[in-house]
Amino acid sequence: MERHAQGGEPMKKLLLLEPVRKKGNHQFFMDWFARAWQACGGGIKRRRPLPWPALLAVARLKLSANLLPLSSRRNALLVPGAGYPDSFAWPHAYTHEIIPMLWDVWPRYWPRLISSLKRHHVRTFLCTSSQVCEHVRKELPRIRTVHVPEGIDPAGYLPGKDLRERPADILELGRQMPFFHRAAVRACREHPEWVHLFPAAEGPLLFPDFRSLCEGLASAKITVSYPRCDTHPAMAGEVETLTQRYWECMLSRTLPAGRAPQELVNLLGYNPVVEISERNAHEQITNLLTNISSYQDLVDKNYRAACEHAPWEARIASLLPQLERLGYRIGTPSPSA
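Residues numbered from 1 in each chain as written. Predicted model: local features only at pLDDT ≥ 70, side-chain atom pairs only at ≥ 80, totals over all residues. Heavy atoms only, no water.

Colleague: Any chance you could explain the nonpolar core here in plain terms?
Modeller: Note that soluble globular proteins tend to have their nonpolar side chains buried in a common cluster. With 78 residues, the main nonpolar core has Trp 37, Leu 78, Leu 113, Phe 125, Leu 126 and Trp 247 as its most contacted residues. It is helix H1 (residues 28-39) that provides the largest number of residues to this core, a total of seven residues. Residues within four places of Trp 37 in sequence aside, it is in contact with Leu 14, Leu 16, Gly 42, Gly 43, Ile 44, Leu 78, Ile 316, Leu 320, Leu 323 and Ile 330. Within the second largest apolar cluster, 23 residues are counted, among which are Leu 163, Ile 170, Phe 179 and Phe 180. (Core = buried A, V, L, I, M, F, W, Y, C linked by side-chain atoms within 4.5 Å. Buried < 20%, exposed > 50% of the residue type's maximum accessible area, 1.4 Å probe, protein only. Helix = DSSP H or I, 4+ residues; strand = E, 2+ residues; numbered from the N terminus. Contact = heavy atoms within 4.5 Å.)

Colleague: Please clarify how the packing of helix H7 (residues 178-190) against helix H13 (residues 281-290) should be interpreted in this entry.
Modeller: Any two packed helices are characterised by the angle at which their axes cross and by the distance between the axes. With their axes 9 Å apart at the nearest point, H7 and H13 run at an angle of 55 degrees to one another. Viewed along their axes, H7 and H13 adopt a mutual orientation that is oblique. As for the relative orientation of H7 and H13, their crossing is right-handed in sense. Here Phe 179, Phe 180, Ala 183, Ala 184, Arg 186, Ala 187 and Glu 190 of H7 come into contact with H13, specifically with Ala 281, His 282, Ile 285 and Thr 286. (Axes fitted to C-alpha atoms, helices over the stretch in contact; angles between N-to-C directions. Parallel < 35°, antiparallel > 145°, perpendicular 65-115°, else oblique. Left-handed = near helix turned anticlockwise from the far one by under 90°.)

Colleague: Is there a simple way to think about H13 in this case?
Modeller: The α-helix advances 3.6 residues per turn, and as a result positions three or four apart in sequence lie on the same side. Taken together, the buried positions of H13 are occupied by Ala 281, His 282, Ile 285, Thr 286, Leu 288 and Leu 289. Each buried residue of H13 sits inside an arc of 160 degrees when the element is viewed along its axis, so together they form one side. In this structure, the buried side of H13 is in contact with strand S7 (168-171), H7, strand S9 (220-225), strand S10 (255-258) and strand S11 (274-275). (Arc of directions from axis to C-beta.)

Colleague: Honestly, the sheet that holds S11 in this entry has me stumped. Any pointers?
Modeller: Paired through backbone hydrogen bonds, the strands of a sheet run either parallel or antiparallel to each other. The five strands are arranged S8-S7-S9-S10-S11 in an open sheet whose pairing can be described as parallel. Every other strand in the sheet has two partners, leaving strand S8 (196-197) and S11 as the edge strands with one partner each. Relative to S10, S9 runs parallel, the two being bridged by four bridges. Paired with Ser 225 across the two strands is Gly 258, which belongs to S10. Taken strand by strand, helix H8 (residues 210-218) contacts S7 and S9, and its axis lies near 110 degrees from that of S9. (Pairing = 2+ DSSP bridges.)

Colleague: How should I be thinking about the pairing of S10 in this particular structure?
Modeller: Here is the key point about a regular strand: its side chains alternate between the two faces of the sheet. The alternating pattern of S10 places Leu 255 and Ala 257 on one face and Pro 256 and Gly 258 on the opposite face, and all of these are buried. Between the parallel pair S10 and S11, the chain is carried across by helix H12 (residues 262-268), and the sense of this crossover is right-handed. (Right-handed = clockwise from strand over helix to strand, strands pointing away.)

Colleague: Any chance you could explain the environment of Arg 73 here in plain terms?
Modeller: Following the sequence through the fold, Arg 73 ends up in the loop between helix H3 (68-71) and strand S3 (76-82). Measuring from C-alpha to C-alpha, the distance between Arg 73 and Glu 18 comes to 21 Å, with 55 residues separating the pair along the chain.

Colleague: Whenever I open this one, the side chain of Lys 221 confuses me. Can you help?
Modeller: As for its position among the elements, Lys 221 is in strand S9. A polar side-chain atom of Lys 221 sits 2.5 Å from the main-chain carbonyl oxygen of Arg 166. At 3.2 Å, the side chain of Lys 221 and the side chain of Asp 169 are in polar contact. Beyond its immediate chain neighbours, meaning those up to four positions away, Lys 221 contacts Leu 163, Arg 164, Arg 166, Pro 167, Ala 168, Asp 169, Thr 254, Leu 255, Leu 289 and Ile 292. (Polar contact = N/O pair within 3.5 Å; in protein donor to acceptor, adjacent residues only side chain to side chain.)

Dropping the structure here:
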């Protein structure tokens with residue numbers, strides 16, 4: 001007998017549409033998600049490779065859309081993408097119900113996101129940002145939204161030595177938080193024995209490849225961690241969301257210093273970050289490094305929490321029952337997929 005979802009509708013098989021890949025911009029986080037999906041028993045629908053300029057043209061011209069008479073009896077497709085689903089779902093959205101799974105939906109994309117969800121007759125929407133889910137619920141109440149907190153593939157990250165044995169004292173990656181950087185420079189000027197690592201403004205990347213990144217994180221006592229809405233306000237606006245940098249710090253047993261997104265606190269049940277405020281950043285940084293061994297218990301707790309909560313497999317294991325309640329079951333491709 002065919003299983004039914006809540007509400008009496010037949011269960012619909014759900015496959016993951018293979019992530020888009022383009023030269024020079026490898027969406028590795030989508031590949032992490034796809035590998036975890038398969039590890040949890042999910043099926044993949046392969047896509048034919050299409051030139052990225054063609055997909056950009058699809059997005060600009062708003063060509064992607066759902067044709068309900070063609071899609072109602074087909075398998076549903078979980079479509080990983082960024083911003084909005086248009087180019088990522090084309091041409092499969094014509095003939096399948098799509099469930100977008102989106103990253104990096106910054107405020108400038110919100111009007112386009114809403115129009116895209118309408119055009120694709122989306123019934124179920126997944127996103128790594130809880131605030132984006134709230135926005136979609138407000139604008140399109142008929143859509144079922146599911147917040148899927150950011151995950152990571154833990155492979156390759158190193159737990160490293162205890163904090164007091166690490167050679168680097170402060171590590172800054174990516175765009176700097178200006179007040180923290182100024183305070184760190186001042187603290188290290190007062191303590192010349194402290195090692196402060198940060199990228200030059202116009203220089204090469206501090207860590208040019210994944211292996212050197214993992215080794216660098218595992219060598220640092222403190223790693224600066226602020227949400228993107230703090231460091232990139234022009235891009236992120238007021239969207240505060242969990243990013244993989246926090247998982248990288250916790251898996252490397254380096255002490256995250258800065259500010260934790262509320263999504264991370266809610267997920268773990270505690271704050272894994274030592275909060276550094278602009279008012280007394282210099283004193284806080286100095287006290288941290290002077291008493292770094294007293295934070296060993298926190299980084300060990302963070303490491304255990306990340307091992308449990310950071311992997312995409314853990315996220316998908318909790319996602320699958322939610323999808324089933326909404327009327328979808330995972331499976332391998334069928335000839336009619």
